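Here's the letter readout for the chains.
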Number of protein chains: 2
Amino acid sequence: MSPDQPLTREKSWLSYTYEGRKGWKSLRALNLFRGMYHDVRRRLPYYWSDIADAWTYRVVASTIRMYFVNMLPAIAYTLDMYRRTGEFYGINEALFSSALAAMIFSVLGAQPLTIVGITGLISLFNYTIYDIVTIYEPAIYPNFMCWTAIWAAIFHWIVAVCNLCDYMRYVTDFSSESFGAYVGIIYCIKGVEELVNEFTTQGNTAGFMSTMIAILYFLTIYGLERLGSSTVWKPWFRGLLADYAYVIGTIFWVGFSHIPGNLKATHVSFVPITRAFYPTQPRGWLIHFWELDAKWVFAALPFGFLVMLLFYYDHNVSSLTAQARQFPLKKPAGFHWDFFLLGCTTFLAGITGIPMPNGLVPQAPVHTDSLTIYETSLRTISTSEGEGAEIRRPVVTASAVVEQRISHFLMGLLIIGTMTRPLLVVLHTMPAAVFAGVFFTVGWGSIESNGILQKLIFLARESRFIQRDEPLLTVRRRKIALYIACQAVGVAATVAISQTIAAIGFPILIIALIPFRVWIMPRWFSAEELDVMDDLTANNSAVLASLGGPPRFPGQPDNERFGLERRYSERGFGLARQRAGSIHR
Amino acid sequence: MSPDQPLTREKSWLSYTYEGRKGWKSLRALNLFRGMYHDVRRRLPYYWSDIADAWTYRVVASTIRMYFVNMLPAIAYTLDMYRRTGEFYGINEALFSSALAAMIFSVLGAQPLTIVGITGLISLFNYTIYDIVTIYEPAIYPNFMCWTAIWAAIFHWIVAVCNLCDYMRYVTDFSSESFGAYVGIIYCIKGVEELVNEFTTQGNTAGFMSTMIAILYFLTIYGLERLGSSTVWKPWFRGLLADYAYVIGTIFWVGFSHIPGNLKATHVSFVPITRAFYPTQPRGWLIHFWELDAKWVFAALPFGFLVMLLFYYDHNVSSLTAQARQFPLKKPAGFHWDFFLLGCTTFLAGITGIPMPNGLVPQAPVHTDSLTIYETSLRTISTSEGEGAEIRRPVVTASAVVEQRISHFLMGLLIIGTMTRPLLVVLHTMPAAVFAGVFFTVGWGSIESNGILQKLIFLARESRFIQRDEPLLTVRRRKIALYIACQAVGVAATVAISQTIAAIGFPILIIALIPFRVWIMPRWFSAEELDVMDDLTANNSAVLASLGGPPRFPGQPDNERFGLERRYSERGFGLARQRAGSIHR
């Protein structure tokens, strides 16, 4: 890693700033391409090290783990999308999209840690648009989606060129926790829907068997990940359990569903597959977008804008969490360049008729986690009582991250491999029940670790058993309740809207939480209260370099005081390992 | 409580001893009726207070909790026994037996805390004898069982009159943990069998639905009991959750199975009921035992002896755990008198053709627990680090036990009420799946809290995270492994034998663990090692008074050094609340 002299590095990083610039030069949107230029300039010197640093075991573990953590939910959403878009988007489209995204972002991305693929939200988007379009003219759906993507791509490029990603630095846990809770709830609902579908299409026997498998799959993964973060057995063995929990659980329960006898005799549904490398529908890979009426072309414009809004939040938050402060990262971020690339993949996805990929919120930090070298060390707290009086506690610290782009690239190759006939046949052996289990696992992971739930538990706990130095104790309970209530209203509104045909409007609600936090919240809460309860999501200096420096919050002058709660917890107990599905640690 | 002057009390208690007695008077078996006489003399003065002390809320909670914790497993075993004894023992027999035992032991028992009812082991016994008898002459089964019971009753009376219960003081956790693990494993197997039966008789749909309900029932009870022992919400609310976990879970999941639609349409099996107050088979309540051939009468003798052996261990261990040292009991025990009474109930059960009741190992301590007033207090450990440096920990202490016989009596009245037609119909709404869930809950509770598993976890844990004052650290790991291995061999042998027609021999194996512990183990382990790893099961002075004083173990002169491990854990974390199914805390 040649350019690793701290002084030079810091200096070159800090060159992207608007401090001290005057006139039109101080207006971010007018400095066209400035963010992208600095992203490339900052990141390019590390390109060779991104390959050279990759030859460690962690990259192998990471590749396998991410393949499962990326593909299982992607296929799960596709099952849902397939049914609800008139079978337009199938497994081949999903694999193609995932592979395309993995190849482009692993080779060209400025942030190769951010895993890009198919999310539940794009599935929600696609079938909601299907519901709307079929009211008027079902046949135009492919072309309409294509134009939505083209418009979205154009908006992406505008945002990237005009440095608008800079505003991501104002994202705090207030909105990203709400988003996490929203995503978690939607996933759990999807899991239930998957099981209901099993009852409806395959009958009661298949329904109950699928429900049983989904529950046991969830318990298996949850149990293995719990064991992985305990103190039984040797650290290397615990690490294996945590790394391969999804692999073990999936292979076991897929095999279980094929045991001859009652299990095999029950006709549960399996992943539907079609001819390898061909679109699901009888069409070519190129969408004939020039055949759409002009009125529909322009009708697609607002949808394209909404897609961009969704990706603006979803993709950038993925990158933020993949590069959060808890990970000791040494290489800089590049938000503008990556968002430009995302515009390109959106365009390609549009004209080939595949689902548009973007950053995976729950999975992106799992990738960094899988590359992090953790050490569980012993913390001895000596107490005042008698001889031998001490309390022993395991403290997890992250000593380094294997920052490279090979694991992402290899994962992409694996996905391309999956597109071939023999592996498609393997895919076909997977029962839908396993995917319902995936939904529950990822969804619950996102809810369990969520700050909203953690604060609720804090309020519920008997206060005499709470450590006296817990920062939340400095905030009045009423204020904590108000803070959670604000988040809960946001979550409830987005979940509710997602169940209607207005679902495509949900990115507006999520994005609206950012200005709400910046301008409204300080009227209700003091700076000290917000310091304790909220935290910057963009809290890593390697990240802020790409966002034009740290944010300035009205009424909260000192960014360093943010996140008291997180730092308190890390001081006492160390880091929590990233579980799949948890937004923050 | 009139006779509560400590000095007099202790003095009268200590009058049953063999210290300083000479000649034939020093031989326990020759002092006929001496134990029974002292049991009654010691306990009778408290009789009035057993009624007068009962007017508290805890008695209400205890009655309802014990009704569920007693009846649910009893019905569960009966479902099994009903199928496997040619439908001889049905629900009416089970209810009659439970009611009879509750009435006799609550009114006449010296240890009204010991809940007596139908166990899984007597079910195992009854159907194994059925398997054996039907090889020769199926028709004689009722009469043969009757004679088995008559012989068993006679052996009971001999044991009680000859003071042989005294040898129970040699029971240590070595054998009672093995017994607990054995019972837990058998329960889990029974749960699986119950579900397999659902698949076989009701078809796959019912099978999978039942499996789903059983798993969710288990998770419900387990989750509620976990919440009950956490520090969220107010103590009184947590207490409610812990007290009524079975009530809540059972009502919810029984209701769930009747929701119209797919659930109701699936024909799962329900508790089979017959005409109220009548035997399941067309017969009178009196068995015509005089109609059995003399050769069969004597063939029943060894079976009766085995029943006595089983009850000797099972019933007395129930009483021991119901009166363990962790409970601050003030009233004395009475093993001889109760074992005599057990002979009487065995006799009555025999001549009426109902299953023989005896002490319920997992449930008896739950009864005492439900009557115990727990206090969760705060323990602050000041540490050497910085300001505000302290660690807060909840410590559970038991301040008193509402020792009385009314809760046992009221529970008996509830069971009699269940025998009437309207409540039998309510019983009929309960799906067999719920009982599979009960088996899993009780079985897992017995395994999870078991000392064998705890020591295994100790061996698996990374030793650097173990507190340095943990007593097990003073024993070489090899020795701990050997100790567990001895227990595991005992458990494996009993579980294996239970699956064969030799199942009725299992009490011999369990009882054999006691002399093995007393004479063989000290050759392999030092006194210090046994002090740490083993503990007296009869460790309460109120109990030892009835057993003729503390035991003397060869090579372990000091009884007060026993149970270092338990005392270490109680010092640091307080008592663990009794969960249904856990033998020791």
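Residues numbered from 1 in each chain as written. Chains lettered and ligands numbered in written order. Predicted model: local features only at pLDDT ≥ 70, side-chain atom pairs only at ≥ 80, totals over all residues. Heavy atoms only, no water.

Novice: Looking at this model, I keep getting lost on the overall build of chain A. Mind explaining?
Specialist: A count of helices and strands for chain A gives 24 helices and four strands. Its C-alpha atoms give chain A a radius of gyration of 24 Å, near enough to 25 Å, the size a compact globule of 585 residues would have. Expressed as a percentage of its 585 residues, the buried residues of chain A come to 61%. A sequence separation of at least 24 residues applies to 84% of the contacts in chain A between residues at least 6 apart. Just so you have it, chain A exposes about 21700 Å², and 68% of that area is on carbon and sulfur atoms. For chain A, the centre of its 49 positive side-chain charges and the centre of its 42 negative side-chain charges are spaced 4 Å apart. (Helix = DSSP H or I, 4+ residues; strand = E, 2+ residues; numbered from the N terminus. Rg over C-alpha atoms; globule rule 2.2 N^0.38 Å. Buried < 20%, exposed > 50% of the residue type's maximum accessible area, 1.4 Å probe, protein only. Contact = heavy atoms within 4.5 Å. Areas by Shrake-Rupley, 256 points an atom, 1.4 Å probe, with all protein chains shown as cover. Lys, Arg positive; Asp, Glu negative; His and termini not counted. Charge placed at Lys NZ, Arg CZ, Asp CG, Glu CD.)

Novice: Can you walk me through the pattern of salt bridges in this structure?
Specialist: Residues and elements named next belong to chain A. Applying the stated rule across the entire model yields 46 salt bridges over all chains. Close ionic contact of Asp-243 with Arg-58 constitutes a salt bridge, the shortest N to O distance being 2.7 Å. Of this pair, Asp-243 sits in helix 10 (residues 235-243) while Arg-58 sits in helix 4 (residues 57-84), and the two are 185 residues apart along the sequence. Per residue, the accessibility class of Asp-243 equals that of Arg-58, and both read buried. Several salt bridges converge on common partners, so that one network encompasses Asp-80, Arg-83, Arg-84, Lys-190, Glu-193 and Glu-194. (Salt bridge = Lys/Arg side-chain N within 4 Å of Asp/Glu carboxyl O.)

Novice: When you look at the side chain of Thr119(A) in this model, what are you seeing that I'm missing?
Specialist: Residue and element names in this part refer to chain A. Inspection of the secondary structure assignment puts Thr-119 in the loop between strand 1 (116-117) and helix 6 (120-136). Here Thr-119 falls in the buried class, since its relative accessible area comes to 5%. Looking at Thr-119, its side chain comes within polar contact range of the main-chain nitrogen of Ile-122, at 3.2 Å. (Polar contact = N/O pair within 3.5 Å; in protein donor to acceptor, adjacent residues only side chain to side chain.)

Novice: How do you make sense of the packing of aromatic side chains when you look at a structure like this?
Specialist: To describe a pair of aromatic rings, one takes the distance between the centres and the angle between the planes. Counting across every chain of the model gives 76 aromatic pairs over all chains. For the pair Trp151(B) and Phe298(B), a centre-to-centre distance of 5.9 Å together with 45° between the ring planes defines the contact as tilted. Of this pair, Trp151(B) sits in helix 7 (residues 141-161) while Phe298(B) sits in helix 12 (residues 294-322), and the two are 147 residues apart along the sequence. The exposed category is assigned to Phe298(B), whose relative accessible area is 53%. Between Phe252(B) and Phe256(B), the aromatic rings sit 6.4 Å apart at their centres with planes inclined by 25°, giving stacked as the arrangement. One end of the pair, Phe252(B), and the other, Phe256(B), are both in helix 10 (residues 235-256), four residues apart, so they sit about a helical turn from each other. In this structure Phe252(B) comes out as partly exposed when scored by relative accessible area, which is 48%. Residue classification places Phe256(B) among the buried residues on the basis of a relative accessible area of 19%. Through a chain of ring-to-ring contacts, three or more aromatic side chains come together here, namely Phe125(A), Phe179(A), Tyr182(A), Tyr313(A) and Phe506(A). When the ring centre of Tyr18(A) is taken as origin, the NZ or CZ atom of Arg34(A), which lies over that ring, is 4.9 Å away. The ring of Tyr127(A) carries Arg84(A) above its face, with NZ or CZ at 3.8 Å from the centroid. (Phe/Tyr/Trp six-rings, centres within 6.5 Å; stacked < 30°, edge-to-face > 60°. Lys NZ or Arg CZ within 6 Å of the ring centre and 35° of its normal.)

Novice: Help me understand the UniProt feature "domain: Bicarbonate transporter-like transmembrane" (unreviewed entry) in chain A in this model?
Specialist: Per the UniProt annotation, the sites labelled "domain: Bicarbonate transporter-like transmembrane" (unreviewed entry) are residues 32-201 and 207-536 of chain A. In the segment residues 32-201 of chain A, helix accounts for 76% and strand for 1%; the C-alpha atoms at its two ends are 53 Å apart. (UniProt positions renumbered as here; feature names shortened; annotations may be inferred.)

Novice: Help me understand the interface of chain B and chain A in this model?
Specialist: Reports often express the size of an interface as the amount of accessible area lost when the parts come together. Facing 44 residues of chain B, the contacting portion of chain A comprises 44 residues. The largest contributions to the chain B side of the interface with chain A come from Phe208(B), Arg392(B) and Phe465(B), which together make up 18% of the buried area. Where chain B meets chain A, there are two salt bridges. Between Glu462(B) and Arg238(A) there is a salt bridge, with the nearest N and O atoms lying 2.8 Å from each other. Elements supplying a minimum of two residues to the side of chain B that touches chain A: helix 9 (204-228), helix 10, helix 11 (262-265), strand 3 (372-382), strand 4 (390-401) and helix 18 (451-460) of chain B. Among the elements that line the side of chain B that touches chain A, the one with the most residues is helix 9 of chain B, at nine residues. A breakdown of the residues in the side of chain B that touches chain A according to their chemical character gives 19 nonpolar, 14 polar and 11 charged. (Buried area = accessible area lost by both parts, 1.4 Å probe. Nonpolar A, V, L, I, M, F, W, Y, C, P; charged D, E, K, R; others polar.)

Novice: Got a minute to help me understand unusual backbone geometry in this structure?
Specialist: The phi torsion of most residues other than glycine is negative, and most of the peptide bonds are trans. All names here are of chain A. One non-glycine residue with positive phi stands out, namely Phe-277, at about 70°. Turning to its location among the elements, Phe-277 is positioned in the loop between helix 12 (262-265) and helix 13 (294-322). Judged by relative accessible area, which is 43%, Phe-277 ranks as partly exposed.

Novice: Got a minute to help me understand a nonpolar patch on the surface in this structure?
Specialist: All names here are of chain A. On the surface, a cluster of nonpolar side chains totalling about 720 Å² of accessible area is made up of Tyr-57, Val-60, Ile-64, Leu-227, Trp-233, Trp-236, Phe-237 and Leu-240. For the nonpolar patch, the secondary structure elements donating two or more residues are helix 4 and helix 10. Residue Ile-64 is classed as partly exposed on the basis of its relative accessible area, which comes to 30%. (Patch = residues over 30% accessible without salt bridge, like charges linked within 9 Å, V, L, I, M, F, W, Y side chains within 5 Å.)

Novice: Before we go on, may I ask you to explain the relation of the copies chain B and chain A in this structure?
Specialist: Note: a rotation about an axis with an accompanying shift along it relates these two copies of the chain. Its rotation angle being 180°, the transformation that places chain B on chain A also includes 0.0 Å of axial translation and leaves an RMSD of 0.0 Å. Taken together, the rotation and translation relating the two chain copies correspond to the operation of a two-fold axis. Most of the interface of chain B is mirrored in chain A, where 100% of its interface residues are also at the interface. (Least-squares fit on C-alpha atoms with pLDDT ≥ 70 in both.)

Novice: How should the side chain of Gln111(B) be read in this particular structure?
Specialist: Residues and elements named next belong to chain B. Mapped onto the elements, Gln-111 comes out in the loop between helix 5 (91-108) and strand 1 (116-117). Overall, the relative accessible area of 3% leaves Gln-111 in the buried class. There is a polar contact of 3.0 Å between the side chain of Gln-111 and the side chain of Gln-323. Among the polar contacts listed, one links the side chain of Gln-111 to the backbone nitrogen of Gly-334, at a separation of 3.1 Å.

Novice: Can you walk me through the packing of helix 8 (residues 173-202) of chain A against helix 20 (residues 477-498) of chain A in this structure?
Specialist: Packed helix pairs are characterised by how far apart their axes lie and by the angle those axes make with each other. Residues and elements named next belong to chain A. Where helix 8 meets helix 20, the closest approach of the two axes is 9 Å, and the angle between their N-to-C directions is 40°. Relative to helix 20, helix 8 is oriented oblique. The element helix 8 and its partner helix 20 pack so that their crossing is right-handed. Judged by residue contacts, Asp-173, Phe-174, Glu-177, Ser-178, Ala-181, Tyr-182, Ile-185, Ile-186 and Ile-189 of helix 8 engage Tyr-483, Cys-486, Gln-487, Val-491, Thr-494, Val-495 and Ser-498 from helix 20. Considering only residue class, the contact of helix 8 with helix 20 consists of 10 nonpolar, four polar and two charged. (Axes fitted to C-alpha atoms, helices over the stretch in contact; angles between N-to-C directions. Parallel < 35°, antiparallel > 145°, perpendicular 65-115°, else oblique. Left-handed = near helix turned anticlockwise from the far one by under 90°.)

Novice: I keep staring at helix 15 (residues 406-418) of chain B and nothing clicks. Help me out?
Specialist: Residues spaced three or four apart along an α-helix point in a common direction, a consequence of the helix completing one turn every 3.6 residues. Across its 13 residues, helix 15 of chain B extends 18 Å between first and last C-alpha, which sits within 8% of the 18 Å expected from 1.5 Å per residue. The set of residues buried in helix 15 of chain B consists of Ile406(B), Ser407(B), His408(B), Met411(B), Gly412(B), Ile415(B) and Thr418(B). (Expected span 1.5 Å × (residues − 1).)

Novice: Just to check I follow, could you spell out the packing of helix 19 (residues 451-460) of chain A against helix 20 of chain A for this structure?
Specialist: Residues and elements named next belong to chain A. Interhelical geometry of helix 19 versus helix 20 gives an angle of 145° and a closest axis separation of 10 Å. The chirality of how helix 19 crosses helix 20 is left-handed. Touching Ile-452, Lys-455, Leu-456, Phe-458 and Leu-459 of helix 19 are Arg-477, Ile-480, Ala-481, Tyr-483, Ile-484, Gln-487 and Val-491, all from helix 20. Each residue belonging to the contact of helix 19 with helix 20 can be placed in one class, and the counts come to nine nonpolar, one polar and two charged.

Novice: Mind showing me how you'd approach the state of the cysteines here?
Specialist: Think of a disulfide as a covalent bridge from one cysteine sulfur atom to another cysteine sulfur atom. Residue and element names in this part refer to chain B. This structure, assessed with the given rule, holds zero disulfides over all chains. Here Cys-146 is not disulfide-linked; the sulfur of Cys-344 is the nearest cysteine sulfur, at 15 Å. For Cys-146, a relative accessible area of 0% corresponds to the buried category. (Disulfide = S-S within 2.5 Å.)

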